[in-house]
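Spelled out from the first residue to the last, the chains are:
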Amino acid sequence: MAGTLRKGRFAPTPSGRMHLGNALSALLAWLQMRSCGGRIALRLEDLDRARCKPEYAPLLLEDMAWLGLDWDEGPDVGGPAGPYRQSERLELYERALRRLEAQNLLYPCYCSRADLRTAASAPHGLASEGPAYPGTCRMLTPKQRALKEASGKTPSLRFRMPDRTVRFRDGVMGPREFPPPAGGDFIVRRADGIIAYQLAVVVDDIAMGITDVFRGRDLLDSTPRQIALYAALGSPPPAFAHGPLLIGPDGARLSKRHGAVSLAELKERGVRAEEITGFLAWHAGLMDRPEPVKPRDLVPHFRMDRVPRSDIVLSPEDLERLTEGAWRGNRRRI
Ligand code: GLU
């Protein structure tokens, strides 16, 4: 991307406080951009009103700033591609839906979750989602569709996945390929009218001029879908990189049940932001020793090829050492 100013983004969902896992992804996304002189936009992904609480939004920004991360555009600082809250960008998503509709790439789907659970499992599902959509509503005749309509069921809208292998080079994971159906046709607007993540994220990344997406590996298998949407919307995809997830001692993704894993709780226990950054950077292979550090001190040392390709499993001792400050040889009482 010579000659082009690179631009990355943070895209947090305000559904809770920031935890160590989000902090690691945000730190790596920040380092990637700051080490190449790129810009960063912060966008709040608050479309799912049942999951998101408006009061979390300022707290997320506060947690990120506390950690020492900054951004050039966002809901608090403004910028040329605003608004930076998805709930205020609905018109753009509707416009994109009309564009996809005009290419006959969407169709109404009347399947309920229960229908999908009982459908014969199709191959090539997504690790994050289970079996691929079997295509039940793709081939409905106008008559069958009219019958479904008459039953009063509100349909969701699905995007037709192209029948070809999607290939891309992930900045961390290397070359990836997803043979068809790569998860199958997916929902772009839910039956309750809410725009689905896959569509909103692509429309926004295009509108905001994002050249580099760095995020957690849980979203790796959304990438073929997003690449298909980029093609349909006539834009080149950004460079994708998927970083490691933090895994708790029981093998599950790090979450509340593993103890004090939110930045707010750690802060309350007296853990300093530099200690958290050092803990994350050391576990992510960006430092040789675990010691307190500010994100900006890591910038000269950041190299994409040092980001681990596998997830980071934390032991009970790792978590205990962080919360008690013992990992820096300074056991504190709590
Ligand atoms: N909003 C998504 C999340 O919080 C991230 C979306 C993305 O990075 O593409 O998981």
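Everything discussed here concerns the structure shown above.
Residues numbered from 1 in each chain as written. Predicted model: local features only at pLDDT ≥ 70, side-chain atom pairs only at ≥ 80, totals over all residues. Heavy atoms only, no water.

## Here's the deal with the sheet that holds strand β9 (residues 186-189)
Okay, step 1: As summarised here, the arrangement of the 3 strands in space is β3-β6-β9, forming an open sheet in which the pairing is antiparallel. What marks the edges here is a single partner per strand, and that holds for β3 (106-109) and β9. Taking each pair of neighbouring strands and ignoring which way they run, the sheet shows an average axis angle of 45°.
Okay, step 2: Taken together, the 4 bridges between β3 and strand β6 (residues 156-159) define a ladder with antiparallel strand orientation. The residue bridging Cys109 from the neighbouring strand is Ser156, located in β6. (Pairing = 2+ DSSP bridges. Helix = DSSP H or I, 4+ residues; strand = E, 2+ residues; numbered from the N terminus. Axes fitted to C-alpha atoms, helices over the stretch in contact; angles between N-to-C directions.)

## Description of the environment of Ala228
Okay, step 1: Among the structural elements, Ala228 can be located in helix α7 (residues 223-232).
Okay, step 2: When the C-alpha atoms of Ala228 and Arg160 are compared, they prove to be 9.2 Å apart, with 68 residues separating the residues in sequence.
Okay, step 3: Discounting residues that sit within four places of it in the chain, Ala228 has contacts with Phe159, Met161 and Pro162. (Contact = heavy atoms within 4.5 Å.)

## What to know about the site of the ligand
Okay, step 1: Every residue near the ligand is listed here: Arg9, Ala11, Thr13, Glu45, Tyr197, Val201, Arg215 and Leu219.
Okay, step 2: Take Arg9: an N or O atom from its side chain is 2.6 Å from an oxygen atom of the ligand.
Okay, step 3: Here Glu45 contributes a side-chain N or O atom positioned 2.7 Å from a nitrogen atom of the ligand.
Okay, step 4: Protein contact buries 77% of the 300 Å² of open area that the ligand shows by itself.
Okay, step 5: A class-by-class count of the residues in the shell around the ligand yields 4 nonpolar, 1 polar and 3 charged. (Near = heavy atom within 4 Å. Polar contact = N/O pair within 3.5 Å; in protein donor to acceptor, adjacent residues only side chain to side chain. Areas by Shrake-Rupley, 256 points an atom, 1.4 Å probe, with all protein chains shown as cover. Nonpolar A, V, L, I, M, F, W, Y, C, P; charged D, E, K, R; others polar.)

## Some remarks on the pattern of salt bridges
Okay, step 1: Within this structure, the stated rule accounts for 28 salt bridges.
Okay, step 2: Salt-bridge contacts for Glu45 lead to Arg43; the nearest nitrogen and oxygen are separated by 3.0 Å.
Okay, step 3: Residue classification places Glu45 among the buried residues on the basis of a relative accessible area of 8%.
Okay, step 4: When the shortest N-O distance is used, the salt bridge between Asp205 and Arg43 registers 2.8 Å. Taken together, the residues span a long stretch of sequence, with Asp205 in helix α6 (residues 197-207) and Arg43 in the loop between β2 (39-42) and α2 (56-67) at a distance of 162 residues.
Okay, step 5: A relative accessible area of 2% means that Asp205 is categorised as buried.
Okay, step 6: The exposure class assigned to Arg43 is buried, which follows from its relative accessible area of 0%.
Okay, step 7: In this structure, a network of salt bridges that share partners links the residues Arg9, Arg43, Glu45, Arg89, Asp204 and Asp205. (Salt bridge = Lys/Arg side-chain N within 4 Å of Asp/Glu carboxyl O. Buried < 20%, exposed > 50% of the residue type's maximum accessible area, 1.4 Å probe, protein only.)

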